[in-house]
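# An overview of the molecular structure
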Amino acid sequence: MIANYGYKDGSGEYYISIDTDKCIDCAAERACLKACPQQMFEIITDDYDDEVAWVRKEKTRALAYDCAECKPAGGYTSLPCTTACTPGAIKHSW
Amino acid sequence: MNAEVAAATAAPEKKEFWRWQENTWYDETKNWKDAKIITCGIDVGSVSSQAVLVCDGELYGYNSMRTGNNSPDSAKNALQGIMDKIGMKLEDINYVVGTGYGRVNVPFAHKAITEIACHARGANYMGGNKVRTILDMGGQDCKAIHCDDKGKVTNFLMNDKCAAGTGRGMEVISDLMQIPIAELGPRSFDVETEPEAVSSICVVFAKSEALGLLKAGYTKNMVIAAYCQAMAERVVSLLERIGVEEGFFITGGIAKNPGVVKRIERLLGIKQLETKIDSQIAGALGAALFGYTLMQKQAAK
């Protein structure tokens, strides 16, 4: 399942997509949890009883701001979350 | 002050144009007492609450009403509304699943499941196993969902940051135009030429823009048409993010508004699958069906 967390507003589209099929048996030992400086991710049991990562509910409406420090303007050349997620489950739309 | 003076000086009762029709239904051809497994789905949304009863995996009855001051009472009232009609008690129900915004606050629920999974499951029942793309236009959020032939979610996206493209947005326009909400859809087609969509995607700004259009000489029907078009464009852009597959189905209150639905169909170039079941109960129906599956699994152990 592809789970898209985020929003679209007048300034643009801000979504973090998580491919939960790649996330169930995480080969990166849930590295995304520690990699994100904003502690954006959390492991939950989804509606189909699979343990997967999701973006914390309280963070989904402020992605443009919370993720800003990890973008190129913050000095990063690659996103810590997508780099840590070696199975390639996490993607940013912007 | 005597009664006549009080009546003469009282403020006139404010008509609530936004108030949509609450309803209760049950299948009079069946008797719930004949069912082996009775499950219930309670969808406590930000605007409306529904209780759906499923007997042996088939829809039996439902009650749909406006959400009250708190989730537990809304859940109780929604269920009580249908139970009173059919002489059922809570003890007669084998399993209750809560869903929607207030799903964790349904006091008598055995399990809570997200509205995304429940809408997919409900749409699969209502529209059949050809349903692949679901647009749920809820009271204060909007969801685009892909599912497989069993109603299992394969891709979803939810926008709950703003009220644009939601039922609440339509209620605001209904009140502003002073036209009953059920009439907005049909009236949006009663225009000589289709106006451009209101440009703002924000309900607050759209409201100001609608007032500006009235001042500029637009008829009420033209303003409604412009708003319906804006809402359609808004949700179509949401759908395009995950893509639209054949087998398109709309759930939620806005599915009852032909002014928005037909414009969405026009923009997408596809027709939605038809159903005779109230689009607003999809989430609660899906929850009740999840409950039925869980009961079957328990029985098989």
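The preceding data block contains the structure.
Residues numbered from 1 in each chain as written. Chains lettered and ligands numbered in written order. Predicted model: local features only at pLDDT ≥ 70, side-chain atom pairs only at ≥ 80, totals over all residues.

### A look at the packing of helix α4 (residues 167–177) of chain B against helix α7 (residues 220–242) of chain B
All names here are of chain B. For clarity, the cut-off: To get an axis, a line is fitted to the C-alpha atoms, and for a helix only the part in contact is used. The angle between two axes follows their N-to-C directions and goes from 0 to 180 degrees. For helices the rule is a DSSP run of H or I covering at least 4 residues; for strands it is a run of E covering at least 2, with both sets numbered from the N terminus onward. The cut-offs work like this: below 35 degrees is roughly parallel, past 145 is roughly antiparallel, 65 to 115 is roughly perpendicular, and the gaps in between are oblique. Placing C-beta atoms from the backbone, we regard two residues as in contact once those atoms come within 7 Å. Gly counts as polar in this scheme, as do all residues outside two lists: the nonpolar Ala, Val, Leu, Ile, Met, Phe, Trp, Tyr, Cys and Pro, and the charged Asp, Glu, Lys and Arg.
Between α4 and α7, the shortest axis-to-axis distance is 11 Å and the interhelical angle comes to 170°. Classed by the angle they form, the pair α4 and α7 counts as roughly antiparallel. Taking contact as the criterion, the partners of G169, I173 and M177 in α4 are, on α7, K220, V223, I224, Y227 and M231. Partitioned by chemical class, the residues of the contact of α4 with α7 number six nonpolar, one polar and one charged.

### Quick word on the interface of chain A and chain B
Put simply, the rule is: Strand pairing is assigned whenever DSSP detects at least two bridges linking the two strands.
Of the residues lining the interface, 13 residues belong to chain A; the matching set on chain B comes to 17 residues. Sorting the residues of the side of chain A that touches chain B by element identifies β1 (2–9) and β2 (12–19) of chain A as the ones contributing at least two each. Of the residues forming the side of chain A that touches chain B, the biggest block, six residues, is contributed by β1(A). A class-by-class count of the residues in the side of chain A that touches chain B yields six nonpolar, two polar and five charged. Two strands pair when backbone bridges link them, and β1(A) and strand β9 (residues 153–159) of chain B are joined in this way by three bridges, in the parallel orientation. The residue bridging A:A3 from the neighbouring strand is B:F156, located in β9(B).

### What to know about helix α5 (residues 181–188) of chain B
In plain terms, the rule: Counting other C-beta atoms within 10 Å of a residue's C-beta gives its exposure: the residue is buried at 20 or more, exposed at 12 or fewer, and partly exposed in between, where C-beta atoms are placed from the backbone.
Of the positions making up α5(B), those classed as buried are B:I181, B:L184, B:G185, B:R187 and B:S188. Where the residues of α5(B) are buried, they touch α4, α7 and α8 (258–268) of chain B.

### A word on the sheet that holds β2(A)
The mixed open sheet is built from seven strands, whose spatial order is β5(A)-β2(A)-β1(A)-β9(B)-β8(B)-β7(B)-β10(B). The strands lining the two open edges of the sheet, one partner per strand, are β5 (90–92) of chain A together with β10 (248–251) of chain B. Looking at each pair of strands side by side, their axes are set apart by 15° on average, direction ignored.

### What about the packing of α7(B) against α8(B)?
Residues and elements named next belong to chain B. Counted only if it meets this: Two helices cross in a left-handed way if the nearer one is turned anticlockwise from the farther one by less than a right angle. They cross in a right-handed way if the turn is clockwise.
Close contact between α7 and α8 brings their axes to 8 Å; oriented N to C, the two are set at 50°. It follows that α7 is oblique to α8 by the angle criterion. Note on packing geometry: the crossing formed by α7 with α8 is right-handed. Contact with α7, carried on its side by I224, C228, Q229, M231, A232, E233, V235 and V236, involves G259, V260, R263, I264, L267 and L268 of α8 and no other residues of that element.

### Structural notes on the nonpolar core
Definition in use: A set of buried residues drawn from Ala, Val, Leu, Ile, Met, Phe, Trp, Tyr and Cys, joined through C-beta atoms within 7 Å, is what defines a nonpolar core.
Counting residues in each nonpolar core, the largest one holds 111 residues, and the members touching the most others are B:I42, B:V52, B:L53, B:Y227, B:L285 and B:A288. Apart from the residues lying within four places of it in its own chain, the contact partners of B:V52 are B:C40, B:G41, B:L59, B:Y62, B:I281, B:A284, B:L285 and B:A288.

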